[in-house]
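Each chain, letter by letter, is given below.
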Amino acid sequence: TLVRWGITPASGTQEQVAHRFNVRRVLLANQLVARADIEAVLALLHEDPDFECFVLADSIEGVARLSQAVTSRKLLRPLPVLVELGIEGKRAGCRTPEEALQVAREIARADGLALAGIEGYEGLLVTQDREADIRAVNAFLAQLVDMVKMSDAEGLFGDKEILLSAGGSSYFDLVARGFSGVQGLSRPIRAVLRSGCYLTSDHGSYKRLLAQLAAP
């Protein structure tokens, strides 16, 4: 069953706009790096304790920066963080599952943070070979699921449920199938399917890829 869970802004500024229009839950699909962006997000959480914001991390250095900022701000509750598993040569994310698991461990032990889940963006896996792309996407989704299982086996998650999220893009059917049926974890799992974009709308590319999806 699909339900509307929240929205996914791409920047701290977009998150501020969402909050201004009374959006109550966001998943910020980027790492918070700049001090001004971190402070802006934490200020919202400090002023509005009922506002929910999930952020990403893909490095130990990023985890340390978030932890220091959160403890300085003295938030009433931990900041929920998802580990981003990336793709070799692409713009963000841990390059290997081993690196991602190390970041997950750092989040779990960091002051002021809680490991909330694992996420990635499979929409970067686009070439001229559709069949090879589908195999690569399915393999990437399987890695995300394995990351959740390994993190849960070590007792790293710190929230009441585990988030498992991917971008969706033109592969939303593969994401939905790849995330279905994950069982045997210590707490409920929530699969979050994002729309799959960044700061701009790649409508030409999506039109072509969705036409392939709809083809018999």
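The preceding data block contains the structure.
Residues numbered from 1 in each chain as written. Predicted model: local features only at pLDDT ≥ 70, side-chain atom pairs only at ≥ 80, totals over all residues. Heavy atoms only, no water.

(A) How the structure looks around the packing of aromatic side chains. Inspection of every chain in the model, using the stated rule, returns one aromatic pair. With a centroid separation of 5.4 Å and an interplanar angle of 45°, the aromatic rings of Trp5 and Phe54 are classed as tilted. Placement of Trp5 in the segment before helix H1 (12-20) and of Phe54 in strand E2 (residues 52-57) is noted, with a sequence separation of 49 residues between them. The class for Phe54 is buried, based on a relative accessible area of 5%. (Phe/Tyr/Trp six-rings, centres within 6.5 Å; stacked < 30°, edge-to-face > 60°. Helix = DSSP H or I, 4+ residues; strand = E, 2+ residues; numbered from the N terminus. Buried < 20%, exposed > 50% of the residue type's maximum accessible area, 1.4 Å probe, protein only.)

(B) Examining the pattern of salt bridges more closely. Applying the stated criterion across every chain, the model contains eight salt bridges. A salt bridge links Glu161 to Arg190; the nearest nitrogen and oxygen atoms lie 2.9 Å apart. Here Arg190 lies in strand E6 (residues 189-193) and Glu161 lies in the loop between helix H5 (130-153) and strand E5 (162-166), a separation of 29 residues in the sequence. Accessibility expressed as a relative area gives 29% for Arg190, which makes it partly exposed. (Salt bridge = Lys/Arg side-chain N within 4 Å of Asp/Glu carboxyl O.)

(C) Representation of the sheet that holds E6 in the model. The strand order E1-E2-E3-E4-E5-E6 describes an open sheet built from six strands, whose pairing is parallel. With one partner strand each, in any of the chains shown, strand E1 (25-31) and E6 form the two edges of the open sheet. Each neighbouring strand pair of the sheet contributes to a mean axis angle of 30°, computed without reference to strand direction. Along the sheet, helix H4 (residues 97-109) makes contact with E2, strand E3 (79-85) and strand E4 (113-120), crossing E3 at roughly 170°. (Pairing = 2+ DSSP bridges. Axes fitted to C-alpha atoms, helices over the stretch in contact; angles between N-to-C directions. Contact = heavy atoms within 4.5 Å.)

(D) Inspection of helix H6 (residues 172-179) at higher detail. Regarding H6, the residues found buried are Leu174, Val175 and Phe179. The buried side chains of H6 occupy one side of the element, clustering within an arc of 115° when seen end-on. Buried residues belonging to H6 abut H5, E5 and E6. (Arc of directions from axis to C-beta.)

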